[in-house]
Amino acid sequence: MSRHIPHRLRQFVAERANFRCEYCKIAEQFSFFNFHVEHIISVKHGGQTTKNNLAYACPICNYNKGTDIATLIPDVVPLVRFFNPRLDTWEEHFSVAETGELIPLTFIAMATINILKLNHPDAVIERKILLKLNLI
Ligand SMILES: [Zn+2]
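Here the structure is a predicted model, which is why all the values come from computation and not from measurement.

A.B. asks: Looking at this model, I keep getting lost on the overall build of the chain. Mind explaining?
C.D. replies: Tallying secondary structure elements over the chain gives five helices and six strands in all. Listing every helix and strand of the chain by position from the N terminus yields α-β-β-α-β-β-α-β-β-α-α. Here the C-alpha radius of gyration of the chain, 15 Å, is about what a compact globule of 136 residues would show, namely 14 Å. The burial tally for the chain puts 39% of its 136 residues in the buried class. Look at the contacts in the chain between residues 6 or more apart in sequence, and 54% of them connect residues 24 or more apart. Element-wise, carbon and sulfur atoms account for 57% of the exposed surface of the chain, whose accessible area totals about 8,100 Å². Taking the 15 positively charged and 13 negatively charged side chains of the chain as two groups, their mean positions are separated by 7 Å.

Given below as structure tokens:
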């Protein structure tokens, strides 16, 4: 469920993220769509509309994440939370291959890549092109 987010708060979140998706790192300027301010811990799970619970996300990451906050990695970890831009450092969890694929460095990254579909073939192609142009 979406909640109204005041303009000043929305602007703060966008600027803090440097107008990049905090999950896949794509810049908003390379998207055909406006990015979203999303609740890291969804309202459904008790998340608040506060600076520490909001992230800037491209529509694809936001739609794929939905209200989820964790997932199962069968035979590895029973339950693992997603990457949290307010608690975690992106570079400690993800690495970018020359192919454009995101490489998980942690179970948190593995869970996030799986559920947000960060390595969807279209995303990998887009990331590879942006890498070649030195825009990531
Ligand atoms: Zn994204």
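A.B. asks: How should I be thinking about unusual backbone geometry in this particular structure?
C.D. replies: Generally, phi is negative for residues other than glycine and the peptide bonds are trans, each holding for most cases. Unusually for a residue other than glycine, N18 sits at a positive phi of about 55 degrees. Here N18 shows up in the loop between α1 (7-16) and β1 (36-39). According to the relative accessible area criterion, N18 is exposed, its value standing at 55%. One non-glycine residue with positive phi stands out, namely N134, at about 60 degrees. Following the sequence through the fold, N134 ends up in the segment after α5 (121-132).

A.B. asks: Even after reading the chapter, I still don't get the coordination of the zinc ion, so can you show me in this structure?
C.D. replies: Around the zinc ion, the protein contributes the donor atoms C21 (SG), C24 (SG), C58 (SG) and C61 (SG), which lie 2.3 to 2.4 Å from the metal centre. Taken together, the four donor atoms coordinating the zinc ion span angles of 102 to 116 degrees at the metal, a pattern that classifies the geometry as tetrahedral. Look at where the donors of the zinc ion fall in the sequence and you get C-x2-C-x33-C-x2-C. Here the residue C21 occupies a position in the loop between α1 and β1, and C61 occupies one in helix α2 (residues 59-65), the gap between them amounting to 40 residues. Judged on exposure class, the residue C21 and its partner C61 are both buried.

A.B. asks: So what exactly am I meant to see when it comes to the pattern of salt bridges here?
C.D. replies: Between side chains of opposite charge, pairing is possible as soon as their charged atoms come close. The final tally for this structure, using the stated rule, is three salt bridges. Between R86 and E22 there is a salt bridge whose closest N-O contact spans 2.6 Å. In this pair, R86 sits in the loop between β4 (77-81) and α3 (90-93) while E22 sits in the loop between α1 and β1, placing the two residues 64 residues apart along the sequence. A salt bridge links R81 to D88; the nearest nitrogen and oxygen atoms lie 2.8 Å apart. Judged by its relative accessible area of 34%, R81 falls in the partly exposed class.

Calculation notes
Residues numbered from 1 in each chain as written. Predicted model: local features only at pLDDT ≥ 70, side-chain atom pairs only at ≥ 80, totals over all residues. Heavy atoms only, no water. Helix = DSSP H or I, 4+ residues; strand = E, 2+ residues; numbered from the N terminus. Rg over C-alpha atoms; globule rule 2.2 N^0.38 Å. Buried < 20%, exposed > 50% of the residue type's maximum accessible area, 1.4 Å probe, protein only. Contact = heavy atoms within 4.5 Å. Areas by Shrake-Rupley, 256 points an atom, 1.4 Å probe, with all protein chains shown as cover. Lys, Arg positive; Asp, Glu negative; His and termini not counted. Charge placed at Lys NZ, Arg CZ, Asp CG, Glu CD. Donors = N, O, S within 2.8 Å, 3.2 Å for Na, K, Ca; no water. Tetrahedral: all angles 85-135°; square planar, octahedral: opposite > 155°, others 65-115°. Salt bridge = Lys/Arg side-chain N within 4 Å of Asp/Glu carboxyl O.

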